[in-house]
Amino acid sequence: MLHYKNILSLSLLGSCALSALSVPAYAQESEDNFSDDDTVFTASDIRDIAIVVTASGSETRISNTGHAISVIGEDEIQRVQTQDITTILERVPGVTTTRNGPIGGFTGVRIRGSEAEQVLVLVDGVRVNDPSSPGGGFDFGNLLSGGLSKIEVLRGSNSIIWGSQAIGGVINVTTSSSENGVSANAEYGRDDTRSFNASINQNIGPLNIGLSSGYFNSDGFSSFDGGTEDDGFEQFYINGRADLSITDNLTAQIRGRFADGRLEIDGFPAPAFAFADTNELQDTQEISVYGGLEYSGNGFNLSAAYSLLDNNRDNFDPTNEFSFDFFSRGRTERAELRANIDLSNQFTLDLGAENEESAFTTGPFGVSAGSGIDSLYAYLSADFDRLTVAGGVRLDDHEQFGTEVTFGANAIYNLTDTINLKAAYNEGFKAPSLFQLLSDFGNETLNPEESKSYEIGISSADRNAGGIFWEITAYKRDTDNQIDFISCFGMTDGICTDRPFGTFDNIIETRARGIDAQLGLNITDFFVTSVIYSYVDTENQSVGNANEGNDLARRPENAITFSSDWSGEIASRPVGIGLDVRMVGDSFDDAGNNTELDGFTLVNLRASTEITDGFELYGRLENIFDAQYQTAAGFGTPGFGGFIGIRAKF
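Please read all numbers here as calculations on a predicted model, not as lab measurements.

Conventions and cut-offs
- The residue numbering used here restarts from 1 in each chain and proceeds along that chain's sequence as written.
- Thresholds applied to this predicted model are a pLDDT of at least 70 for local features of residues and 80 or more for the giving and counting of side-chain atom pairs; totals over whole chains, interfaces and linings are not thresholded and use all residues.
- Excluded from the side-chain calculation are hydrogens and water; included are all heavy atoms of the structure.
- Secondary structure is summarised from DSSP: a helix means a run of H or I of at least four residues, a strand means a run of E of at least two, and numbering begins at the N terminus for each.
- With the radius of gyration taken over C-alpha atoms, the globule rule is written as 2.2 Å times the number of residues to the power 0.38.
- Remark: exposure states derive from per-residue accessible area (1.4 Å probe, protein chains only) relative to the maximum for the residue type, with buried under 20%, exposed over 50%, and partly exposed in between.
- Surface accessibility follows the Shrake-Rupley procedure with a 1.4 Å probe radius. Residue values consider only the protein chains on display as shielding.
- Charged residues are defined narrowly, with Lys and Arg counted positive, Asp and Glu counted negative, and His plus the chain ends left uncounted.
- For this purpose, a charge sits on NZ of Lys, CZ of Arg, CG of Asp or CD of Glu.
- Stacked, tilted and edge-to-face pairs are distinguished by plane angle, under 30 degrees for stacked and over 60 for edge-to-face with tilted covering the rest, among Phe, Tyr and Trp rings (Trp via its six-membered ring) whose centres lie within 6.5 Å.
- Side-chain atoms within 4.5 Å link the members of a nonpolar core, which is a set of buried Ala, Val, Leu, Ile, Met, Phe, Trp, Tyr and Cys residues.
- Residue contacts are counted whenever heavy atoms from the two residues lie within 4.5 Å of one another.
- Pairs of cysteine sulfur atoms within 2.5 Å are identified as disulfides in what follows.
- Think of a polar contact as two N or O atoms within 3.5 Å of one another; within protein, one of them needs to be a possible hydrogen donor and the other a possible acceptor, and neighboring residues in sequence only count if both atoms come from side chains.
- A pair of strands is labelled paired if DSSP reports no fewer than 2 bridges between them.
- Put simply, a salt bridge is a Lys or Arg side-chain nitrogen that is within 4 Å of an Asp or Glu carboxyl oxygen.
- Every residue gets a pLDDT, meaning the predictor's confidence in that residue, from 0 to 100.
- For patch building, the residue pool is restricted to those with more than 30% relative accessible area and no salt bridge; the joining distance is 9 Å between like charges and 5 Å between nonpolar side chains (Val, Leu, Ile, Met, Phe, Trp, Tyr).

**Quick look at the overall build of the protein**
Alright, step 1. A count of helices and strands for the protein gives 6 helices and 35 strands.
Alright, step 2. Relative to the globule expectation of 26 Å for 650 residues, the C-alpha radius of gyration of the protein, 24 Å, shows essentially globular dimensions.
Alright, step 3. Here the C-alpha coordinates of the protein stretch approximately 65 × 60 × 45 Å along the principal axes.
Alright, step 4. Per-residue burial for the protein yields a buried fraction of 57% across its 650 residues.
Alright, step 5. Accessible surface, the protein: about 24300 Å² in total, of which carbon and sulfur atoms supply 56%.
Alright, step 6. Positive and negative side-chain charges of the protein, numbering 41 and 95 respectively, have mean locations separated by a distance of 3 Å.

Written out as structure tokens, the structure reads:
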């Protein structure tokens with residue numbers, strides 16, 4: 001991640017890009033083809049991973065929506081073994097990731113060629129996009145896989161339900177476990193990496209409680225590719241939840257998360273202002289809270305919720321009293337009221353009203369500002385035997401930008417009992433971040449980013465169903481007023497007036513089009529294999545812009561993930577063996593397409609065995625061919641490494 005001081009340094013050199021400076025579910029009853037390991041808790045019920053909320057905001061079976069949604073359950077998260085959430089997310093077609101250095105460094109997730117900041121991220125119902133980061137995005141470097149039980153990925157724009165920030169898609173993360181009891185795991189591996197995670201979940205009469213916590217520490221490697229000193233990462237987190245059934249129809253919900261991390265980073269020290277080893281540290285503290293009441297009965301569901309996000313980040317060099325220190329504080333409060341009404345056997349209506357207030361303080365001198373947005377939406381679904389159609393409208397009233405109206409519709413048609421035809425049209429809307437508007441680099445004349453996306457696809461079952469599944473989806477997204485960072489090196493007039501180090505501007509009209517495809521075979525408790533392919537063609541279509549016709553930065557055209565897991569017995573002992581292969585094509589690191597990032601192939605191998613009842617020994621080898629590669633120019637990446645761990649369930 002390039003911080004405030006890094007933006008200053010790069011501006012002095014005359015080259016900045018937004019992609020380089022980015023600072024950064026719930027589900028219902030269980031049915032066929034799913035094991036208990038694939039379920040999660042919500043409101044004290046065991047819920048199936050075939051149920052998602054990213055489609056309509058209410059619990060919807062994934063087979064009843066025309067949206068492209070992938071769900072990763074707890075069993076799969078544990079099977080992959082890694083603490084690195086990007087390895088898990090890259091099992092979803094259309095998803096690519098970039099990281100600035102070792103684990104813990106700024107990690108951006110793009111969906112179908114979007115900006116990382118155009119993806120809305122929720123953790124246990126709380127929107128965790130940071131209002132104090134340059135693009136208002138979420139840094140996945142601060143979210144490890146420990147304690148996670150379910151990940152929903154909606155691929156494509158969907159601002160009808162989710163409002164601003166959902167141009168690229170939505171990633172919805174649930175932390176509560178699927179099983180009562182106690183579980184824990186401990187792991188050691190490459191770069192002197194140590195991690196420990198534990199959770200407890202229990203029903204106590206009408207009360208369902210869950211608590212998970214973990215610690216991660218790694219010496220890492222140099223964030224600056226070619227550096228000589230290691231850059232480590234240390235984090236402690238704790239997640240908690242409680243669901244209380246007040247009556248048969250009324251449930252109270254509380255969620256909370258606290259994560260505290262310290263990251264060693266490299267920067268751009270004077271006088272050369274070139275990327276190099278430094279002793280800089282970044283301390284990050286994230287706090288999120290969710291509280292709500294939910295009424296359910298007689299075809300009518302009503303929920304009211306309040307959520308709070310509080311982000312605190314400090315950058316400093318403890319060895320240099322003259323260092324350019326930087327801090328940021330971001331806070332978001334939301335109040336939501338949602339209703340789901342069964343109008344008849346065929347028609348369902350979702351209604352929502354939301355209020356969001358965001359504030360930030362950033363920079364060495366404490367620039368502070370705030371903003372608010374009020375929203376209303378209506379979303380109607382109709383089920384006609386083999387055909388389900390849905391559509392809606394959203395009204396956003398933003399303090400700075402006034403009224404914004406977005407539309408969307410989707411449909412799914414069951415060609416056979418297993419084969420579905422899907423189509424969707426969705427609009428996206430993203431207001432400029434507070435940093436882009438009001439920081440020392442801000443531009444108060446910015447317009448919101450807007451997108452229109454189209455997709456059509458055909459599929460058989462879904463990735464978590466038994467037997468063979470396959471899917472292919474073609475899509476296109478056009479984005480207007482995309483915001484980019486403008487260097488003001490050597491310029492003092494026009495937009496650069498009083499902005500010597502640069503500013504933000506609506507300079508880009510972009511297009512992204514491509515194909516998502518996946519094919520897999522699930523034989524329960526024996527063999528699971530899949531291959532996903534992503535083709536993404538992106539283009540800067542700004543007429544007259546210096547980068548017109550160029551590829552968008554850090555968007556590889558081709559990406560493939562092959563994964564396979566086998567379980568059985570060897571020498572009368574239960575054994576599991578898994579293989580992951582990730583192949584990523586060439587891309588450019590910059591908007592000018594001057595710096596190329598070569599494609600690469602990573603191969604990971606893993607195995608596990610049951611030591612005794614409730615205890616499992618596991619291990620993995622990552623990047624077994626020691627591939628040398630970069631996902632962001634100038635930043636190092638991990639080489640070959642081994643890990644070993646033990647997992648227990650009681």
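**Points about the packing of aromatic side chains**
Alright, step 1. This structure, assessed with the given rule, holds 15 aromatic pairs.
Alright, step 2. Geometrically, the ring pair formed by Phe224 and Phe275 is edge-to-face, given 5.3 Å between the ring centres and 70° between the ring planes. Separated by 51 residues along the polypeptide, Phe224 in the loop between strand E14 (207–221) and strand E15 (231–245) and Phe275 in the loop between strand E16 (250–267) and strand E17 (276–297) bring together distant segments of the chain.
Alright, step 3. Taking relative accessible area as the criterion, Phe224 reaches 23% and is therefore assigned partly exposed.
Alright, step 4. Seen from their ring centres, Phe268 and Phe275 are 5.2 Å apart, and the 25° between their planes marks the pair as stacked.

**Comments concerning the nonpolar core**
Taken as a class, soluble globular proteins show a tendency for nonpolar side chains to be buried jointly.
Alright, step 1. By size, the foremost hydrophobic cluster in this structure holds 26 residues, and its most contacted members are Leu89, Phe140, Ile151, Val153 and Ile171.
Alright, step 2. At the level of secondary structure, the elements contributing two or more residues to this core comprise helix H3 (74–80), helix H4 (85–89), strand E7 (107–111), strand E8 (119–123), strand E10 (150–155), strand E11 (169–174) and strand E18 (300–316).
Alright, step 3. For Val153, the residues in contact, after removing those within four places along its chain, are Ala68, Ile69, Ser70, Leu89, Val92, Val95, Ile111, Val170 and Ile171.
Alright, step 4. Grouped together as the second largest cluster of nonpolar side chains are 17 residues, Ala55, Ile62, Ile69 and Val71 included.

**Overview of the state of the cysteines**
Alright, step 1. Summed over all chains, the structure comprises 1 disulfide.
Alright, step 2. The disulfide partner of Cys488 is Cys496, and the gap between their sulfur atoms is 2.1 Å. Given an S-S torsion of about -85°, the disulfide between Cys488 and Cys496 has left-handed geometry. Here Cys488 and Cys496 have matching classes, each one buried.

**Let's talk about the side chain of Ser56**
Alright, step 1. Relative to the assigned elements, Ser56 resides in the loop between strand E3 (51–52) and strand E4 (60–61).
Alright, step 2. Among the polar contacts listed, one links the side chain of Ser56 to the backbone oxygen of Ser58, at a separation of 3.3 Å.
Alright, step 3. At a separation of 2.9 Å, a polar atom in the side chain of Ser56 contacts the side chain of Thr60.
Alright, step 4. Setting aside residues up to four positions removed in sequence, Ser56 forms contacts with Ile161, Asp350, Tyr377 and Tyr379.

**A closer look at the pairing of strand E19 (residues 326–342)**
Alright, step 1. In terms of strand pairing, E18 meets E19 through 16 bridges, oriented antiparallel. Bridging from a neighbouring strand, Leu302 pairs with Ala339 of E19.
Alright, step 2. If you look at the hairpin formed by E19 and strand E20 (residues 347–362), you'll find 4 residues sitting between the two strands.

**Looking at the side chain of Asp516**
Alright, step 1. Inspection of the secondary structure assignment puts Asp516 in strand E27 (residues 503–523).
Alright, step 2. A distance of 3.1 Å separates the side chain of Asp516 from the side chain of Arg155, its partner in a polar contact.
Alright, step 3. Not counting residues up to four positions away in its chain, the partners in contact with Asp516 are Pro93, Gly94, Arg112, Arg155, Glu471, Ile472, Thr473, Tyr475, Tyr533 and Ser534.

**Observations concerning the pattern of salt bridges**
Alright, step 1. Scanning the model with the defined rule gives 41 salt bridges in all.
Alright, step 2. Measuring nitrogen to oxygen at the nearest pair gives 3.2 Å for the salt bridge that ties Glu115 to Arg555. Within this pair, whereas Glu115 is found in the loop between E7 and E8, its partner Arg555 is found in the loop between strand E28 (527–540) and strand E29 (558–570), the two being separated by 440 residues in sequence.
Alright, step 3. By relative accessible area, Glu115 is classed as buried at 9%.
Alright, step 4. Residue Arg555 is classed as buried on the basis of its relative accessible area of 5%.
Alright, step 5. Residues Arg511 and Glu539 are paired through a salt bridge, measuring 3.1 Å at the closest nitrogen-oxygen approach. Pair noted here: Arg511 is in strand E27 and Glu539 is in strand E28, with a separation of 28 residues, a long-range link.
Alright, step 6. Under the relative-accessibility criterion, Arg511 is labelled buried at 9%.

**Details of the sheet that holds E11**
Paired through backbone hydrogen bonds, the strands of a sheet run either parallel or antiparallel to each other.
Alright, step 1. The 5 strands are arranged E5-E10-E11-E8-E9 in an open sheet whose pairing can be described as mixed. Whereas interior strands pair on both sides, the edge strands pair on one side only; in this sheet they are strand E5 (69–73) and strand E9 (126–127).
Alright, step 2. Taken together, the 6 bridges between E10 and E11 define a ladder with antiparallel strand orientation. Bridging across to E11, Leu154 finds its partner in Val170.

**A word on the environment of Val121**
Alright, step 1. With respect to the helices and strands, Val121 occurs in strand E8.
Alright, step 2. Residues Val121 and Ile171 lie 50 residues apart in sequence; the distance between their C-alpha atoms is 4.9 Å.
Alright, step 3. Other than its neighbours up to four places away in sequence, Val121 contacts Val126, Arg127, Val128, Asn129, Phe138, Phe140 and Ile171.

**A closer look at the environment of Thr595**
Alright, step 1. Residue position: Thr595 is located in the loop between strand E31 (587–588) and strand E32 (596–597).
Alright, step 2. Taking the C-alpha atoms as reference points, Thr595 and Phe347, 248 residues apart in sequence, are found 53 Å from one another.
Alright, step 3. Once residues within four sequence positions are removed from consideration, Thr595 is found in contact with Ser587, Phe588, Asp589, Asp590 and Ala633.

**A few points about the pairing of strand E22 (residues 387–398)**
Alright, step 1. A one-sided burial pattern is seen for E22, the buried positions being Thr388, Ala390, Gly392, Arg394, Asp396 and His398 and the unburied ones Leu387, Val389, Gly391, Val393, Leu395 and Asp397.
Alright, step 2. With 12 bridges connecting them, strand E21 (residues 367–384) and E22 associate as antiparallel partners. Paired with Tyr377 across the strands is Arg394, a residue of E22.
Alright, step 3. Joining the antiparallel neighbours E21 and E22 is a turn of 2 residues, in which Asp385 adopts a positive phi near 55°.
Alright, step 4. Pairing geometry for E22 and strand E23 (residues 402–414), over 12 bridges, is antiparallel. Counted as the bridge partner of Thr388 is Ile412 from E23.
Alright, step 5. A loop of 3 residues connects E22 with E23, the two strands running antiparallel in sequence.

**What about the confidence of the model for the protein?**
Alright, step 1. Looking at the protein as a whole, the pLDDT averages 89, with 92% of positions reaching at least 70.
Alright, step 2. Here residues 1–47 is modelled with pLDDT under 50, and outside its nearest four sequence neighbours on either side it reaches 184 contacts, counting other chains as well.

**Focus on a nonpolar patch on the surface**
Alright, step 1. The grouping of Val182, Ile200, Leu211, Tyr215, Phe236, Ile238 and Phe650 at the surface amounts to a nonpolar patch, some 610 Å² of accessible area in total.
Alright, step 2. Sorting the residues of the nonpolar patch by element identifies E14 and E15 as the ones contributing at least two each.
Alright, step 3. Examined against the element boundaries, Ile200 turns out to sit in strand E13 (residues 193–204).

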